Amino acid sequence: MVTMWLAWGFDVSAPAEAGWSCGVRVGDTERPRGMRTRTARLAAQAAAVGAALGLLSACGSSGGGKDKINTGQSGKPAASTTASPSSSAAAGAPTPSLPVSAKDVFEDQSTGDATKDAVLADNAKAVTAIDDAIFKQSLKAPALNYYLQGSALVGADKYVKGWIDSHEDWVGKVRFFNRKLTMMSDGTASVIYCSDESKANIKDAKTGKVDTSSGGGATYVLYNTRLTKNKQGVWQTTFMVSQRGARQCKP
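These remarks concern the structure in this document.

What counts and what doesn't
Residues numbered from 1 in each chain as written. Predicted model: local features only at pLDDT ≥ 70, side-chain atom pairs only at ≥ 80, totals over all residues. Heavy atoms only, no water. Salt bridge = Lys/Arg side-chain N within 4 Å of Asp/Glu carboxyl O. Helix = DSSP H or I, 4+ residues; strand = E, 2+ residues; numbered from the N terminus. Buried < 20%, exposed > 50% of the residue type's maximum accessible area, 1.4 Å probe, protein only. Expected span 1.5 Å × (residues − 1).

Before going further, it helps to examine the pattern of salt bridges. When their charged atoms lie close together, side chains carrying opposite charge are able to pair. Inspection of the entire model under this criterion finds 7 salt bridges. Between arginine 175 and glutamate 107 there is a salt bridge, with the nearest N and O atoms lying 3.2 Å from each other. Taken together, the positions of arginine 175 in strand 4 (residues 168–183) and glutamate 107 in the loop between strand 3 (102–106) and helix 2 (114–136) put the pair 68 residues apart, joining distant regions of the chain. We classify glutamate 107 as partly exposed; its relative accessible area is 30%. For the salt bridge of lysine 161 with aspartate 165, the shortest nitrogen-to-oxygen distance reads 2.8 Å. Here aspartate 165 and lysine 161 lie together in helix 4 (residues 150–165), a separation of 4 residues that amounts to about one turn. Assessed through its relative accessible area of 40%, lysine 161 is described here as partly exposed. A cluster of three or more residues bridged by salt bridges with shared partners is formed by Glu107, Arg175 and Asp196.

Shown next, in the form of structure tokens:
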């Protein structure tokens, strides 16, 4: 998934770094170059909705450890349990896919726990489902509303529509790493992770022309997400915020 796709709807506290406001990305009104697009507009929308609904909690502590991913959440971690894995691989489940010119690479895929591995697998599928919709240039890509629902789907739809309206997709590789998973006491799952977009660039979907502009440190993005398991056993992404250029993600 390229740049920032952002949804809202769950009470999650995010790292209290510069550029975060109670879990919502603020500032950066200029359109970034290369893969960095549409962040400020979506963040502003999310902030307005979150404030109106009263869903965002107070910011996490900013003391110490700023170079490490903060996995602090508003809920309490649940005791370790063993449960059946996601049914996302069941017959008939849509499989998001990308063209050969683009690739999402996910590290930290196996924990040895079936439930946690299912969460991480569906987290990855939600990310790729959004890119799948971008390449299809369609809001009706079936994987989109399979791996995202509610207000998260609304946010993803707005993000994908921005790519459709500008007739853009992308080429290259985006790497997702340092995925930190916490099972919460309310039955949801928190996944905080980083992405590296330094090897990907925006492409004109009509002409095929690639924008090779470099974004420097802004190519690293920190994500804070929440996933909820539906009746079919799919861990659907219901909340996501991000911080571009986060120091926790830089090498």
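A separate point is helix 4. Compared with the 22 Å implied by 1.5 Å per residue over 16 residues, the 23 Å span of helix 4 between its first and last C-alpha is a close match. Trailing helix 4 by a residue or two, histidine 167 shows a phi angle of about 55 degrees, which is positive.

It is worth spelling out the environment of arginine 247 at this point. Note that arginine 247 resides in the segment after strand 7 (235–244). Judged by relative accessible area, which is 45%, arginine 247 ranks as partly exposed. Residues arginine 247 and valine 221, 26 residues apart in the sequence, show an inter-C-alpha distance of 8.9 Å.

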